[in-house]
Amino acid sequence: MREKLHAIWKFLRPSKNPLGFLGVVLITFISLLAIIAPYIAPYSPYKVNLARRLHPPSWQHLFGTDELGRDIFSRVLVGARISLQSAIVIIGLSLSLGTIIGAFGALAGGWIDDVLMRLTDAFLAFPYLIFAMLVSAVLGPSLSNAMLAISVTWWPWYARLARGQILSVKNQLYVEAARAIGVGGMRLFFSYFLRNALSPLVVQATLDVGYAILLTSSLSFVGLGAQPPTPEWGRMVADGRQYLLSYWWVPIFPGLAIFITVLGFNLVGDAIRDFTDPRMRG
Amino acid sequence: MTYLLRRLGYIVLTLWGLTLITFILTRVVPGDPARTAAGPQARQEQIEQVRKMYGLDKPLWIQYGIYMRNLIRGDFGKSLWSKRPVIEDLKAYFIPTMELGLAAGLMFFCLGVPLGILSAVYRNRLLDHFLRFFSLVGVSFPVFILGLVLQLVFYKLLGWFPANGRIDPFIGPPRNITGFYVLDSLLAGNWRSLLSSLHHLFLPAVTLAYGSLAVVSRMTRASLLEVLSQDYVRTARAKGLVERAVLLKHALRNALIPILTITGLQIGSLLGGVVLVEIIFSWPGLGTYAYTAVTVLDVNAIMAITIVTGILYAGINLIVDLLYTVVDPRIRYR
């Protein structure tokens, strides 16, 4: 594991892979901001000040103020926390659900595997944004329901990956050896199957954080995710959209925040994909 | 032929799974579907009436039977918001979305592949680095923000393109033949409406296409680079063929399969992105319809849209799979 990390680090060196390194810097920076946001935000993200409505960016308000006079910079900072948190919850939920279903299918085999895989296919058979919209509209608009809806549409990707991994581990000699010395049940599953199948899953999950943020903000943008006054980036863009042509900073700054965060994750993801798949190496 | 039949059977099976999922979602998950269908302000007796009308007082499996029977007839129920049958709404909004989607699809495929080729030919040179960064930005730029930025720059600052609608209201739509404004204008020989509709189509299509363009050009680059290192390419070069012939005849044809696969997947993501783009550019299509449906929680309409996009997506993937056999005659489906 340490060697692997070392290899990845060597691969991500700024001289070798400037874009991947830029991604690491961006992610680190944004995660730090998300952690310390409440302490460094110059204003409360909720504080309404109608006397200061729609002020352009200035030293006092770096990103300007919105239609209720709230400081956009503070809202974007606190929004980083919300976006990263929801992305982690989404990935966690869909990864566990997908792994359980995929692993169960692979280990059970036979018709159970068939049924589970057909079910996965049915979930993958339509565009996930539309499906996530349907699910979160049925559950009712709120950030936690949007997170649930995205997880419900997302797990099949992990289920397929997990199934493939477990299938390749299933017939390895060391599993047979473990069985022969009487390892069984949960222990066999966790220490032999899961442990050896997990690393590609975790890598994939990390790469998906950017997409999770994108999808959450898209749902919020159509009004299904976070509700006002939550300073969620997608919601801020949606609410600020009507001011675009006269007060561009209201929707554009939260929008740029989404872009930069997703870009950071994609840059790193891209570098790691190049690393694991030598064919993609330029 | 048998392959086609089996594939169609498989699609039907998948769509059936889809109806099951949506049925469970809309009937079992919310506390009282009759209340949902009747709307938030409905009185108790109205709710009871709706319950009777939709057969919601019957057992679940009978309800599913009724639901399926209606679906097969193309009856998705009534839209809560427009008060019309959902199928009528879908018909009205389908063509504008197709027009936008086709424009974006053409754009990303016809630009993405050449850009990918350029990137591969000039690999690790300045142009390649620039194109790679350009495509990574494309993958990371949320469509709804790209749309806003483009509106700000090309409408507000430069004034080059309109920000809303399908055509200049003073020119008005061309005579309705197919419903596609661009095509209808061409058929009618109406140059003014042709120009205006292309002018209105440009920004939303670019917004929708950018992300997919990025993905397709990256895939083209990767796939082409892999093929270019093969022996038969070296042989072709050794024979003294011009580089262009090697590239386009020998390499590109063999690199096409993954490019096609990713194109099919990208059309799927266009179907999702179109919702966001239509909202931003006030494009009167399925996306705007979906958005309105979502804001008033019109479950019948949302469900219909999900099923229609599911059918479209399945159809596109089938076409892509069939195209494989055209591109690579070694592939035969049985």
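None of the values given here were measured: they were computed from a predicted structure.

Draft legend 1. Fine view of the packing of helix H5 (residues 86-121) of chain B against helix H9 (residues 191-228) of chain B. Where H5(B) meets H9(B), the closest approach of the two axes is 6 Å, and the angle between their N-to-C directions is 35°. H9(B) is crossed by H5(B), and the crossing has right-handed handedness.

Draft legend 2. Up close: the domain arrangement of chain B. All names here are of chain B. Its domain assignment divides chain B into domain 1 (15-72) and domain 2 (93-327). Each of domain 1 and domain 2 was reduced to a C-alpha centroid, and the two centroids are 37 Å apart. Across the boundary between the two partners, domain 1 contributes nine residues, which contact seven residues of domain 2. Between domain 1 and domain 2, a total of about 640 Å² is buried, with carbon and sulfur atoms accounting for 85% of that surface.

Draft legend 3. Broad picture of the nonpolar core. If you look at the biggest cluster of nonpolar residues, it comprises 152 residues, and the most contacted ones within it are Phe221(A) and Leu90(B). The element best represented in this core is H9(B), accounting for 15 residues. Looking at this core, you find at least three residues from each of domain 1 (15-72) and domain 2 (93-327) of chain B. Once residues within four sequence positions are removed from consideration, Phe221(A) is found in contact with Gly234(A), Val237(A), Ala238(A), Arg241(A), Phe144(B), Leu276(B), Ile279(B) and Ile280(B). The next biggest cluster of nonpolar side chains, apart from the first, holds eleven residues, and it includes Ala103(A), Ala106(A), Val169(A) and Val183(A).

Draft legend 4. A look at the interface of chain B and chain A. With 52 residues of chain B at the interface, the matching set in chain A holds 46 residues. Summed over both partners, the interface of chain B with chain A comes to about 4400 Å²; 79% of that surface belongs to carbon and sulfur atoms. Viewed at the interface, chain A and chain B are joined by three residue pairs in polar contact (both at pLDDT 80 or more). Those elements giving two or more residues to the side of chain B that touches chain A turn out to be helix H1 (2-28), helix H6 (126-140), helix H7 (143-157), H9, helix H11 (243-280), helix H12 (286-295) and helix H13 (299-327) of chain B.

Draft legend 5. Structural detail: the environment of Val275(B). Looking at where Val275(B) falls in the secondary structure, it is placed in helix H11. When its relative accessible area of 1% is taken as the criterion, Val275(B) is described as buried. Expressed as a C-alpha distance, the spacing of Val275(B) and Leu208(B), which sit 67 residues apart in the sequence, is 9.8 Å. Not counting the four nearest positions on each side in its chain, Val275(B) is found in contact with Ile130(A), Met133(A), Val222(A) and Gly287(B).

Draft legend 6. Representation of the confidence of the model for chain A in the model. Across chain A, the average pLDDT comes to 83, with 92% of residues at or above 70. Summarising per-element confidence for chain A, the mean pLDDT is lowest in helix H1 (residues 2-11) of chain A (67) and highest in helix H3 (residues 72-108) of chain A (90).

Draft legend 7. Broad picture of a nonpolar patch on the surface. A contiguous nonpolar patch, built from Leu32(A), Ile35(A), Ile36(A), Tyr39(A) and Ile40(A) and spanning about 530 Å² of accessible area, is present on the exposed surface. For Tyr39(A), the position within the fold is in helix H2 (residues 18-40).

Draft legend 8. Here's a closer look at the pattern of salt bridges. Within this structure, the stated rule accounts for eight salt bridges over all chains. Between Asp239(A) and Arg235(A) there is a salt bridge, and its shortest N-O distance comes to 3.5 Å. Here Asp239(A) pairs with Arg235(A), and both are found in helix H9 (residues 233-240), just four residues apart, close to one helical turn. Using a relative accessible area of 13% as the deciding quantity, one classes Arg235(A) as buried. The partner of Asp128(B) in a salt bridge is Arg221(B), and the shortest N-O contact between them spans 3.0 Å. Note that Asp128(B) is positioned in helix H6 and Arg221(B) in helix H9, a separation of 93 residues in sequence. For the pair shown, Asp128(B) and Arg221(B) are each scored as buried. It is possible to trace a salt-bridge network through shared partners that takes in Asp66(A), Arg70(A) and Arg75(A).

Procedures and definitions
Residues numbered from 1 in each chain as written. Chains lettered and ligands numbered in written order. Predicted model: local features only at pLDDT ≥ 70, side-chain atom pairs only at ≥ 80, totals over all residues. Heavy atoms only, no water. Axes fitted to C-alpha atoms, helices over the stretch in contact; angles between N-to-C directions. Helix = DSSP H or I, 4+ residues; strand = E, 2+ residues; numbered from the N terminus. Left-handed = near helix turned anticlockwise from the far one by under 90°. Domains from an automatic or database assignment. Contact = heavy atoms within 4.5 Å. Buried area = accessible area lost by both parts, 1.4 Å probe. Core = buried A, V, L, I, M, F, W, Y, C linked by side-chain atoms within 4.5 Å. Buried < 20%, exposed > 50% of the residue type's maximum accessible area, 1.4 Å probe, protein only. Polar contact = N/O pair within 3.5 Å; in protein donor to acceptor, adjacent residues only side chain to side chain. pLDDT = per-residue confidence, 0-100. Patch = residues over 30% accessible without salt bridge, like charges linked within 9 Å, V, L, I, M, F, W, Y side chains within 5 Å. Areas by Shrake-Rupley, 256 points an atom, 1.4 Å probe, with all protein chains shown as cover. Salt bridge = Lys/Arg side-chain N within 4 Å of Asp/Glu carboxyl O.

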